[in-house]
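Next come the chains, spelled out residue by residue.
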Amino acid sequence: MAWEYPGIFVTLEGPEGAGKTTQLKLLSKHLDVLGIAHVVTRDPGGTALGRQIRRILLNPETPVCPMTELLLYEADRAQHIEQVIVPALKRGALVLCDRYVDSTLAYQGYARGLDFELIGQLNRIATGGLMPQLTILFDIASEAGLARLHPGGHDRLEREAIEFHHKVRAGYLEMAAREPGRWQVIDATRALTVVQDDLRRLLSERFQLAGLAGKPVT
Ligand code: T5A
């Protein structure tokens, strides 16, 4: 499908604790300095409705069946696409989204074991088929990522068994290998500033973002 918007759509993916949120904050500050119009958003929770869905999804006290889980992620996404992502792309902004449809394939498909065809269909229904132009995988071993997170305060997904998290990571690596034109993999185990350099370089190589790469990370 030809790209139909003046904006640019980039998604960040990865296992727990890979550092996506931290990297997006650093990048956003730098984009502000450069005056590049951008929107940082996240899936789930990029809208007011989505923040309510996110609380339900991540609450460790509430059991959620696999199909309910899938449908809640997709409901969040349908709202997010219509209310935030597509309007920003129409305005010509760079949209940087922390997780998107590939998270559903990794978590509900590879790890939870739900049917990939069904997930693909629901992803298309929720998004109208809108796919990112670039997806960056922040790759880290599951144990190392989980060890970075707050001890004792893990959310419902973070509390899954380590085998679940291994499947998530393996799924991501498989998807990235299968579609190298869209995916780029960053080694997320390195220092914050090194990872940030890589992120800026990848964006600059792919898109016309004046002055993004090659400046010291602050
Ligand atoms: N999910 C999501 C599904 O199951 N299906 C779906 O369809 C979707 C969309 C979302 C959960 O929902 C699941 C996936 C998730 O389990 P979330 O809180 O949004 O929940 O989950 P994450 O995106 O994984 O958030 P995390 O906080 O766990 O990971 P991040 O954002 O990758 O990591 P970040 O930046 O918060 O960093 C974590 C810690 O590591 C440190 C940071 O300071 C922080 O303390 N850190 C580093 N330390 C050392 N070196 C570095 N390079 C570091 N980078 C960060």
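Above this note sits the structure.
As a starting point, this report considers the structure included with it. (Residues numbered from 1 in each chain as written. Predicted model: local features only at pLDDT ≥ 70, side-chain atom pairs only at ≥ 80, totals over all residues. Heavy atoms only, no water.)

## Focus on the sheet that holds strand β1 (residues 8-13)
What counts here: A pair of strands is considered paired only if DSSP assigns at least 2 bridges between the two. Numbering of helices and strands runs from the N terminus; a helix is a DSSP stretch of H or I covering at least four residues, while a strand is a stretch of E covering at least two. The angle between two axes is taken between their N-to-C directions and runs from 0 to 180 degrees, where each axis is a line fitted to C-alpha atoms and a helix contributes only its stretch in contact. Contacts are assigned to residue pairs with any non-hydrogen atoms lying within 4.5 Å of each other.
A sheet is described by the order of its strands in space; here five strands give the open sequence β2-β3-β1-β4-β5, paired in parallel fashion. The open sheet is flanked by β2 (38-42) and β5 (183-187), the only strands paired with a single partner. Going from strand to strand, the sheet's axes swing by 20 degrees on average, the running direction of each strand aside. Where strand β4 (residues 134-139) and β5 come together, five bridges link them in parallel fashion. Bridge pairing in β5 links T135 to W183. Relative to the sheet, helix α3 (residues 66-91) contacts β1, β2 and β3 (94-98), its axis offset from that of β2 by approximately 160 degrees. Contacts from helix α8 (residues 192-206) reach β1, β4 and β5, with the element oriented near 160 degrees to β5.

## Some points on the packing of helix α4 (residues 101-111) against helix α5 (residues 116-127)
As a reminder of what qualifies: The labels follow the angle: roughly parallel below 35 degrees, roughly antiparallel above 145, roughly perpendicular from 65 to 115, and oblique for the rest. Working rule for handedness: look at the near helix, and if it is turned counterclockwise from the far one by less than a right angle, call the crossing left-handed; if clockwise, right-handed.
At a closest axis distance of 10 Å, the pairing of α4 and α5 adopts a crossing angle of 155 degrees. Classed by the angle they form, the pair α4 and α5 counts as roughly antiparallel. As for the relative orientation of α4 and α5, their crossing is right-handed in sense. Each of V101, T104, L105, Q108, G109 and Y110 in α4 lies in contact with α5, whose residues at this interface are F116, I119, N123 and T127.

## Considerations on the site of the ligand
The condition is simple: Any residue with at least one heavy atom within 4 Å of a molecule or strand is counted as near it. Polar contact is the term for a pair of N or O atoms within 3.5 Å; when the atoms are in protein, one must be able to donate a hydrogen and the other to accept it, and sequence-neighboring residues count only if both atoms are side-chain atoms. What sets the accessible areas is the Shrake-Rupley method with a 1.4 Å probe; for residues, cover comes only from the shown protein chains. Cavities and pockets are defined on a 1 Å grid built over the protein atoms alone: a cavity is a set of grid points where a 1.4 Å probe fits but cannot escape, while a pocket is an open set with protein on both sides within 12 Å along at least five of seven lines, and lining residues are those with an atom within 4 Å of any such point. Assignment of a molecule to a cavity or pocket requires that more than half of its atoms lie within 2 Å of the corresponding grid points. In the scheme used here, Gly and all other residues not listed as nonpolar or charged are polar, with Ala, Val, Leu, Ile, Met, Phe, Trp, Tyr, Cys and Pro taken as nonpolar and Asp, Glu, Lys and Arg as charged.
In the region of the ligand, 26 residues are neighbours, and E16, K20, T21, T22 and T104 sit closest. A distance of 2.7 Å is found between an oxygen atom of the ligand and a side-chain nitrogen or oxygen belonging to R99. Computed on the free molecule, the ligand has an accessible area of 1000 Å², of which 81% lies beneath the protein chains in the complex. Assessed atom by atom at 2 Å from the grid points, the ligand resides in the largest pocket. When contributions to the shell around the ligand are tallied by element, the ones reaching two or more residues are α1 (20-34), α2 (48-58), α3 and α4. No other element matches α4, which puts four residues into the shell around the ligand. Broken down by class, the residue content of the shell around the ligand amounts to nine nonpolar, seven polar and ten charged.

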